[in-house]
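# Breakdown of the fold
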Amino acid sequence: MQTGSIDLGPYEPFDLQSTVESGQSYLWDREDGRMYDEPGAYGGSAWYTTVSRAFEDPAVIRVRQVDAGLEWESNADAESVLRSRLRLTDDLHAIRDTAPDDDVVQNSFDAYWGMRLVDDPAFETLISFICSAQMRVGRIHGMQQALCRTYGESVEFDGRTYDAYPRAETLAATTEAELRDLGLGYRAPYVQQTAEMVADGQGHPEEARDLPYEEAREYLTRFVGVGEKVADCILLFALDFTEAIPLDTWIRTAIEEYYPSCDRGNYAETSRALRETFGGTYAGYVQTYVFHYLR
DNA sequence: TAGATACCTTATAG
DNA sequence: ACTATAAGGTATC
């Protein structure tokens, strides 16, 4: 086992629980299994685990927050992966400075100060946000666990068995009926067909990374089950488009309530207006705080 | 092109 | 106990 610690000094503030339990990522499990169950349940020093494909073999990465910083355990040299996945080098103070000085935004920052955007792998994010349609955060997470348990490669680590996220080829080879049995509902064919598209080389979410923002969003909607909202989630949580604002039910409520002038009747125009209001480049960061605050 | 509707499943409210 | 409702929307008509 390899272990290490990361000094949070230069990267403060940082809040691991908010970062991995705020509905941005469905790829982390809490070792005590209490994730999402009890709102407000303190997980300040809990261990979180994910299985990464950033190495030759699937790597189990465990991490927890302690007073001095971050501690990790892995079967690989996980530090650089953690730095990027948890966006440890983002300057939260500078980002907050770009946000509007109104009550909703400032209260959201105060409530979860230290929460980072995540930077997850693109395929995993594509599939998990297809699953997110009309679902609660806890159940979306449960679906991903079911997919990993059923179709993911197993890894032994520290006396336990962990499951990697399934590969596109594996999900492509499933059937709608199998996925419905896992509880995916009407999302089952979306997941199977999208996995098939990726496996067959008809497209890959990484292809969107170097496109201009709105073209990137348009590109992602080629995948079955991906509309504008899910496309924005993939851009924000996996492809480093910090300006992307997913317009979900919570943010739409916030627009109605606090930013009525941003409602332009359609997704693209409303999105632009709110992006402007939220400060442009880091508007997605602001959205993530507001989403977590209102949820 | 904009607008209405069906869609799996389950937790929660009443 | 039982029904209605809504959950980080999308595809289809």
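Residues numbered from 1 in each chain as written. Chains lettered and ligands numbered in written order. Predicted model: local features only at pLDDT ≥ 70, side-chain atom pairs only at ≥ 80, totals over all residues. Heavy atoms only, no water.

Domain annotation of chain A identifies domain 1 (2-89), domain 2 (91-118 + 242-295) and domain 3 (122-238). Its C-alpha centre places domain 1 at a distance of 24 Å from the equivalent point of domain 2. In this assembly, 16 residues from domain 1 lie in contact with 16 residues from domain 2. Together, the buried faces of domain 1 and domain 2 total about 1300 Å²; carbon and sulfur atoms form 53% of this surface. (Domains from an automatic or database assignment. Contact = heavy atoms within 4.5 Å. Buried area = accessible area lost by both parts, 1.4 Å probe.)

Close to DNA strand C lie 27 residues; Gly-23, Met-135, Arg-136, Asp-248 and Gln-287 are nearest. For DNA strand C, a base nitrogen lies 3.0 Å from a polar atom in the side chain of Tyr-26. Backbone polar atom of Gly-227 to a phosphate oxygen of DNA strand C: 2.8 Å apart, as the coordinates give it. When residues of the surface near DNA strand C are traced back to their parent elements, those giving at least two are helix H11 (228-238), helix H12 (249-258) and helix H14 (283-294). Element by element, the count of residues in the surface near DNA strand C is highest for H11, at four residues. Per-class residue counts for the surface near DNA strand C are 14 nonpolar, nine polar and four charged. (Near = heavy atom within 4 Å. Polar contact = N/O pair within 3.5 Å; in protein donor to acceptor, adjacent residues only side chain to side chain. Helix = DSSP H or I, 4+ residues; strand = E, 2+ residues; numbered from the N terminus. Nonpolar A, V, L, I, M, F, W, Y, C, P; charged D, E, K, R; others polar.)

Attention now goes to the environment of Thr-174. Secondary-structure assignment places Thr-174 in the loop between helix H7 (168-172) and helix H8 (176-181). Residue classification places Thr-174 among the buried residues on the basis of a relative accessible area of 7%. Along the backbone, Thr-174 and Ala-195 are 21 residues apart, and their C-alpha atoms lie at a distance of 9.5 Å. When residues no more than four places from it in sequence are discounted, the contact partners of Thr-174 are Tyr-151, Leu-179 and Gln-192. (Buried < 20%, exposed > 50% of the residue type's maximum accessible area, 1.4 Å probe, protein only.)

Turning next to the pairing of strand S7 (residues 160-163). The pairing of strand S6 (residues 154-157) with S7 spans four bridges and is classified as antiparallel. Looking at the pairing, Phe-157 lines up with Arg-160 of S7. Here S6 hands over to S7 after two residues, with Asp-158 in that stretch at a positive phi of 50 degrees. (Pairing = 2+ DSSP bridges.)

This brings us to the protein's contact with DNA strand B. All residues adjacent to DNA strand B are Met-135, Arg-139, Arg-180, Gly-185, Tyr-186 and Arg-187. When atoms of DNA strand B within 4 Å of the protein are sorted by moiety, sugar and phosphate together comprise 60%. In the environment of DNA strand B, a sugar or linking oxygen lies 3.0 Å from a nitrogen or oxygen atom belonging to the side chain of Arg-139. One of the backbone N or O atoms of Tyr-186 is found 3.1 Å from a sugar or linking oxygen in DNA strand B. Of the residues that constitute the surface near DNA strand B, the class distribution is two nonpolar, one polar and three charged.

This brings us to helix H9 (residues 188-199). For H9, which comprises 12 residues, the first-to-last C-alpha distance of 17 Å matches the rise-based estimate of 16 Å (1.5 Å per residue) to within 8%. When H9 is considered as a whole, its buried residues turn out to be Ala-188, Pro-189, Val-191, Gln-192, Thr-194, Ala-195, Met-197 and Val-198. Buried-residue contacts for H9 involve helix H5 (122-130), H7 and H8. Among the residues trailing H9, Gly-201 stands out with phi positive, at a value near 75 degrees. (Expected span 1.5 Å × (residues − 1).)

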